[in-house]
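A look at the structure
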Amino acid sequence: MRRPVFVAGRGAVSGFGIGVKALVDGVFAGETALQARVRTGGYDVATSVVGEIPEGAIDAGIAENDLPRHTSLLAIDEAFEEAGQPDRSAMGIVLATTKADMSGICGEGPGLGSPMHLARQLSQQLELGIEPSALSCACASGVLGISTAARRIATGECDRMLVIAVDVINEFILKGFGGMGALDPERCRPFDEERRGVSLGDGAAAIVLSANEQESIGIRVAGYAGANDACHVTGPDYEGLGIGLAATRAVQHAGLSMADIDSMHLHATGTRANDKSEAIGLGNAFAEVADKTPPAFGSKSQTGHTLGAAGGIESLLAIATLERSEVPKNVGLENSNCDPRLDLPTTIRKLSRANHALKVASGFGGVQGAAVFSA
Amino acid sequence: MNASILACGIVDEVGIAGTRGIHATWQDLEMQAPGTGKTMKVLFDKADPTFRRIDLLARCLVLACEAADVENVLSPEIRQETAICVETDLGALATDLSFASSLGDECVHAGIFPYSLTSTSLGEVALRYKLRGPTVSMSVRDGDAGEALREALRMLNSGDCKHVVTGVVNTLTEPAVGREATMRGLVAVLSAGNTSKRLGTLTWPERGTATDPFEQFAAMCR
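Residues numbered from 1 in each chain as written. Chains lettered and ligands numbered in written order. Predicted model: local features only at pLDDT ≥ 70, side-chain atom pairs only at ≥ 80, totals over all residues. Heavy atoms only, no water.

**A closer look at unusual backbone geometry**
- Here the amide bond leading from A33 of chain B into P34 of chain B is cis, since omega sits at -5°, within 30 degrees of zero.
- By secondary structure assignment, the location of P34 of chain B is in the loop between α1 (26-29) and α2 (39-44).
- The backbone phi angle of A268 of chain A is positive, close to 45°, even though this residue is not glycine.
- Mapped onto the elements of the fold, A268 of chain A is located in the loop between β10 (263-265) and α7 (272-286).
- The class of A268 of chain A is buried, set by a relative accessible area of 0%.
- The backbone phi angle of E30 of chain B is positive, close to 55°, even though this residue is not glycine.
- As for its placement among the helices and strands, E30 of chain B is situated in the loop between α1 and α2. (Helix = DSSP H or I, 4+ residues; strand = E, 2+ residues; numbered from the N terminus. Buried < 20%, exposed > 50% of the residue type's maximum accessible area, 1.4 Å probe, protein only.)

**Remarks on the environment of V168 of chain B**
All names here are of chain B.
- With respect to the helices and strands, V168 occurs in strand β6 (residues 163-172).
- Judged by its relative accessible area of 5%, V168 is buried.
- Separated by 65 residues in the primary sequence, V168 and L103 have C-alpha atoms spaced 29 Å apart.
- Residue contacts for V168: discarding those within four places in its chain leaves L61, V86, E87, R184, G185, L186 and F214. (Contact = heavy atoms within 4.5 Å.)

**Focus on the layout of surface pockets**
- The volume enclosed by the largest pocket comes to roughly 530 Å³.
- For the largest pocket, the lining is made up of 31 residues, of which T234, P236, T271, N274 and F364 of chain A are closest to its centre.
- Those elements giving two or more residues to the lining of the largest pocket turn out to be α7 and β14 (356-363) of chain A.
- By residue number, the principal contributor to the lining of the largest pocket is α7 of chain A, which donates five residues.
- Classifying every residue of the lining of the largest pocket by side-chain character gives 10 nonpolar, 16 polar and five charged.
- Around the second largest pocket, the lining is made up of 19 residues, and of these A225 and R249 of chain A together with G159, D160 and C161 of chain B lie nearest the centre.
- When residues of the lining of the second largest pocket are traced back to their parent elements, those giving at least two are α4 (141-154), β9 (219-228) and α6 (241-253) of chain A.
- Taken together, the residues of the lining of the second largest pocket break down into seven nonpolar, seven polar and five charged. (1 Å grid on protein atoms, 1.4 Å probe; cavity = no way out; pocket = protein on both sides within 12 Å on 5 of 7 lines; lining within 4 Å. Points joined across faces, edges and corners; volume = space filled by probe spheres on them. Nonpolar A, V, L, I, M, F, W, Y, C, P; charged D, E, K, R; others polar.)

**Notes on the interface of chain B and chain A**
- Facing the 48 residues of chain B at the interface are 52 residues of chain A.
- In total, about 4000 Å² of surface goes out of reach between chain B and chain A, with carbon and sulfur atoms giving 59% of it.
- The interface formed by chain B and chain A contains eight salt bridges.
- With a shortest N-O distance of 3.7 Å, R152 of chain A and E147 of chain B are connected by a salt bridge.
- Applying the counting rule to chain B against chain A returns 25 residue pairs in polar contact (both at pLDDT 80 or more).
- Listed by contribution, the elements that provide at least two residues to the side of chain B that touches chain A are α6 (93-100), α7 (118-129), β5 (135-139) and α8 (147-157) of chain B.
- In terms of residues, the side of chain B that touches chain A owes the most to one element, α7 of chain B, which gives seven residues.
- Taken together, the residues of the side of chain B that touches chain A sort by class into 23 nonpolar, 11 polar and 14 charged. (Buried area = accessible area lost by both parts, 1.4 Å probe. Salt bridge = Lys/Arg side-chain N within 4 Å of Asp/Glu carboxyl O. Polar contact = N/O pair within 3.5 Å; in protein donor to acceptor, adjacent residues only side chain to side chain.)

**A look at the packing of aromatic side chains**
- Following the criterion strictly, the structure yields seven aromatic pairs over all chains and no others.
- Ring centres of F172 of chain A and F99 of chain B lie 4.9 Å apart, and the angle between their planes is 70°; on these two criteria the pair is classed as edge-to-face. Residue F172 of chain A is located in helix α5 (residues 171-179), and its partner F99 of chain B is located in helix α6; the two belong to separate chains.
- For F172 of chain A, a relative accessible area of 1% puts it in the buried group.
- Between F214 of chain B and F217 of chain B, the aromatic rings sit 6.4 Å apart at their centres with planes inclined by 45°, giving tilted as the arrangement.
- Judged by relative accessible area, which is 1%, F214 of chain B ranks as buried.
- Take F217 of chain B: its relative accessible area is 0%, and that puts it in the buried class.
- Following the ring pairs from residue to residue traces out a cluster consisting of F172, F177 and F364 of chain A together with F99 and F113 of chain B.
- Geometry around F28 of chain A places R324 of chain A over its ring, the cationic atom sitting 4.8 Å from the centre. (Phe/Tyr/Trp six-rings, centres within 6.5 Å; stacked < 30°, edge-to-face > 60°. Lys NZ or Arg CZ within 6 Å of the ring centre and 35° of its normal.)

**Focus: the pattern of salt bridges**
- This model, assessed by the stated rule, comprises 41 salt bridges over all chains.
- Measuring nitrogen to oxygen at the nearest pair gives 3.7 Å for the salt bridge that ties R196 of chain A to D184 of chain A. Note that R196 of chain A is positioned in the loop between α5 and β8 (203-210) and D184 of chain A in the loop between α5 and β8, a separation of 12 residues in sequence.
- You can call R196 of chain A partly exposed: its relative accessible area is 42%.
- With relative accessibility at 0%, the residue D184 of chain A sits in the buried group.
- The shortest N-O distance in the salt bridge between R154 of chain B and E151 of chain B comes to 2.8 Å. In this pair, R154 of chain B and E151 of chain B both sit in helix α8, three residues apart, roughly one turn of the helix.
- Connected through salt bridges with shared partners, the residues R120, E131, R151, R152 and E157 of chain A together with D144, E147, R150, E151, R154, D160 and R207 of chain B form a single ionic network.

**A short note on the pairing of β8 of chain A**
All names here are of chain A.
- Within β8, eight of the eight residues are buried, leaving the element largely enclosed by the surrounding structure.
- Residues G203, A205, I207 and L209 of β8 are buried on one face, and the alternating residues A204, A206, V208 and S210, pointing to the opposite face, are buried as well.
- In the sheet, strand β1 (residues 6-14) pairs with β8 via seven bridges, with the strands oriented antiparallel. Among the inter-strand pairings, G11 is bridged to a residue of β8, identified as A206.
- Sheet topology places strand β7 (residues 160-167) next to β8; eight bridges connect them, and they run antiparallel. Its bridge partner lying in β8, R160 is registered against S210. (Pairing = 2+ DSSP bridges.)

**Regarding the packing of helix α2 (residues 67-82) of chain A against helix α3 (residues 115-126) of chain A**
Residues and elements named next belong to chain A.
- Between α2 and α3, the least distance of the axes is 11 Å, while the angle of their chain directions is 45°. Accordingly, the angle class assigned to the pair α2 and α3 is oblique. Note on packing geometry: the crossing formed by α2 with α3 is right-handed. Touching P68, R69, S72, L73, I76 and F80 of α2 are L118, Q121, L122, Q125 and L126, all from α3.
- Here the residues of the contact of α2 with α3 are counted per class, giving seven nonpolar, three polar and one charged. (Axes fitted to C-alpha atoms, helices over the stretch in contact; angles between N-to-C directions. Parallel < 35°, antiparallel > 145°, perpendicular 65-115°, else oblique. Left-handed = near helix turned anticlockwise from the far one by under 90°.)

**Some details on the nonpolar core**
- Counting 75 residues, the largest nonpolar core has L209, V221 and F373 of chain A together with V164, L190 and F217 of chain B as the members making the most contacts within it.
- Those residues within four positions of L190 of chain B in sequence are excluded, and the remaining contacts are A3, S4, I5, A152, L156, K162, H163, V164, T166, L202 and F217 of chain B.
- Ranked by size, the runner-up nonpolar core spans 39 residues in total, among them A67, I84, Y115 and L131 of chain B. (Core = buried A, V, L, I, M, F, W, Y, C linked by side-chain atoms within 4.5 Å.)

Spelled out as structure tokens, the structure:
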């Protein structure tokens, strides 16, 4: 018997600034935080924009390698505030990231790109009572981090868990994606026929999970699952098998039918291959119950791709569709050339029913994750 | 919490061994650890044209999976839902350092960038054996050993998965940034509950004990 898992608190730092409200208001208003590069402006890469945390939102004196820790703490402060400053003595942390602190690899320091290094720092600083965990599952890290933490509550191992999903753009990441030819020179346009690649962004999302319904903000992590394309390590399965499997499994895990899903937050990177296969995979996953998927949106044209943080940041946006009973427009999308079964609103869409939202994510290694949030 | 151990395999500086019945040293094979483009053919009579191009983490894990005979221990249907959960202390440190060294160049080493993420190395395992369950790369450091085993047990005991390929991988061919050279890729195939095919039982590995939680698998391989 699985115990229910409730969302008790949320926090975020993104290109829209500090706070979940800034993020959600910005995305639902159709704004974009992708701007000319400032902090990363000195790096010679083939894109003019990123979703950097705005100047002035954080202390300019903080070293780039320490930004993941700093932004994590800002997001956690907000999440703890919403959660009513929960007892930390029996709380554990799951850190989800690609690399976190790159000190020792780029510049001096002990980080060495080890997620556990940052997880321990945060756990000690916050005086959490349960030993930390850390995972690195590429751009599906955030969603799989939520799964990992939720499972511990569902099985009765813990009553409260803190998930922190974080990544901050640096030279290593920018030049890596740039070298692969994966960056859009300007703002990315997921699903648009003219899309040319991804835009990157800074992000940290904190989510407090609890077994106690009285601590809930009215949202439950109803189901979660993972899958692997088992096809190619950097390119997707062209039939979108993995992302479809993850979505279907998460909905089944929630005890729901695909017909119960009311909104969907997509991975939607803006690369030609990802968007095409994601549309096919999700179109297939919903094909038995409808000609069209539920209204679906991506937000990487607004926040940038925040990599390991994306699953966390975007789960907050999936939750917001339930709270607002609407799905924001897909910014940058004019003409889709992807599977038309994927319902991609180009204006804000009111929902007649807002009970269950699905979040999907994909990453290098064919890694896929999905989570269902229920009101 | 416990699980049945169905198979295991190990690759280290000395050689390769596994419950498939293979025991060989790199010296006897006249190969450098962890193998070359010919290793899969020589040891397992298999063609793997991309093996020589994958990173050392993936090579260690793929060979360990072969030594465990994952392809025969788990049927194709079961592998469609089998998870991978592997831990690493060093992560992709060697790749990170190599890629970082190219940041000042006109062209970065873009070909190795994807392997700066350990999930990419796990993906090489997933695609070879069509393991389409969840793929999770756990990070550990100094004394957290066993995190992947604990997470695998959670997956199995919660009913979220029925089979998990779990293990540990760390490779660094030369000492760097204060870390010693090492090479070990170890995998164990776990199944929920008790099965008659089990070679042993995995029980919950407590944190902070002096014992290497992976030693029982290494012993089975030998």
